[in-house]
Amino acid sequence: MRPRRPIKGRGIFSGTGLIITGLAATTAALLFPIWSYADRSGTTDANTLSAQTVTTPYGPLSAQDRDLVTKVRLAGLWELPAGQLAERKGTTQAVRDAGQHLIDGHTSLDAHVRTVATQLGVPLPNEPNEQQRQWLATLYSAQGQDFDRKFASILRLAHGRVFSLVAQIRAGTQNTLVRDLADDANATVLDHIKILEATGYVDFSALARDLAASASPVSTPPAVDPASAVPVAPSPSTTYSLPPAVAGPPPANSP
């Protein structure tokens, strides 16, 4: 018995089959991007952004707003002690003046951020983060003009980083309390930047390189209810033997 000859127009290669196959391929191509991006970590959609924003009597409070509140609090927890070290250990009046600006600025700014955190229900850390503790340890161990250089360099770098964050949040926040806090923080940070530069110890070339380098992420210490946040305030003065004061920073070619 001879095999039957194939009938034209039947099977997947028929005109109808080709149309169906093409439609299936088109549908798959359209659905693939949706599937491939759904539920992937690091992909933020409108629903996720909405879930991170809460309604308050002072306007929407976003995750970025809360981050600013936390970072303003963290700044005071280590920069005020750094200022006290500069007052005691600085070898020039300019360094000691910078220390006093840090103390005054963060005493006031911390009172503001604790009030805002209470009104918005944002938990606050009670201790500096790991990077800030390392910076303080460096300043505790430094002496003489080495302290002056490290104090100006570390604090100027830290202020440069937070300055851009404050500007970003201030430009986009819809919360009136966060706007006021950002205005206060901006004025305080700018004052500190100027007074640190006035010490004459800021190496702007090194600063530019450090600011351009991406900072390693540092975890935030455990947060507490705003009512339990310990106020940032100067501790009682302790006796400290100041090194001999000099008229200004040493020449650039000094060892």
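Residues numbered from 1 in each chain as written. Predicted model: local features only at pLDDT ≥ 70, side-chain atom pairs only at ≥ 80, totals over all residues. Heavy atoms only, no water.

**Student:** Help me understand the pattern of salt bridges, please; the structure alone is not making it clear to me.
**Tutor:** It is possible for side chains bearing opposite charge to pair when their charged atoms get close. Evaluated as defined, the whole model comprises seven salt bridges. A salt bridge links D110 to R114, with the nearest nitrogen and oxygen atoms 2.8 Å apart. Of this pair, D110 and R114 both sit in helix α4 (residues 93-120), four residues apart, roughly one helical turn. The pair D110 / R114 is uniform in exposure class, with both members buried. Of the charged contacts in the structure, one is a salt bridge between R170 and D183, with a shortest N-O distance of 2.7 Å. Taken as a pair, R170 in helix α6 (residues 144-172) and D183 in helix α7 (residues 176-197) lie far apart in primary sequence, 13 residues in all. We classify D183 as partly exposed; its relative accessible area is 37%. (Salt bridge = Lys/Arg side-chain N within 4 Å of Asp/Glu carboxyl O. Helix = DSSP H or I, 4+ residues; strand = E, 2+ residues; numbered from the N terminus. Buried < 20%, exposed > 50% of the residue type's maximum accessible area, 1.4 Å probe, protein only.)

**Student:** I'm lost on α4 in this one. Help?
**Tutor:** Residues separated by three or four positions in an α-helix point in the same direction, a consequence of the helix having 3.6 residues per turn. Between its first and last C-alpha, α4 extends 40 Å over 28 residues, near the 40 Å set by a 1.5 Å rise per residue. Downstream of α4 by one or two residues, G121 has phi in the positive range, about 70 degrees. (Expected span 1.5 Å × (residues − 1).)

**Student:** Explain the environment of G90 to me, please; I cannot follow it from the model alone.
**Tutor:** For G90, the position within the fold is in the loop between α3 (63-89) and α4. The spacing of G90 and D146 is 56 residues in sequence and 9.6 Å in space, taken between C-alpha atoms.

**Student:** Looking at this structure, how should I read the side chain of R96?
**Tutor:** Mapped onto the secondary structure, R96 falls in helix α4. The charged side chain of R96 is buried without a salt bridge, its nearest counter-charge being D97 at 6.7 Å. From its side chain, R96 meets the backbone oxygen of G90 in a polar contact 2.7 Å long. (Lys, Arg positive; Asp, Glu negative; His and termini not counted. Polar contact = N/O pair within 3.5 Å; in protein donor to acceptor, adjacent residues only side chain to side chain.)

**Student:** Can you walk me through the packing of α4 against α7 in this structure?
**Tutor:** Packed helices, taken two at a time, are described by the angle their axes make and the gap between the axes. α7 packs onto α4 with a crossing angle of 170 degrees between their chain directions and a minimal axis gap of 10 Å. It follows that α4 is roughly antiparallel to α7 by the angle criterion. Note on element contacts: α7 touches α4 through L177, V178, D180, L181, D184, A185, T188, D191, H192, I195 and L196, opposite D97, A98, H101, L102, G105, H106, L109, H112, V113, V116, Q119 and L120. Residues that form the contact of α4 with α7 fall into these classes: twelve nonpolar, seven polar and four charged. (Axes fitted to C-alpha atoms, helices over the stretch in contact; angles between N-to-C directions. Parallel < 35°, antiparallel > 145°, perpendicular 65-115°, else oblique. Contact = heavy atoms within 4.5 Å. Nonpolar A, V, L, I, M, F, W, Y, C, P; charged D, E, K, R; others polar.)

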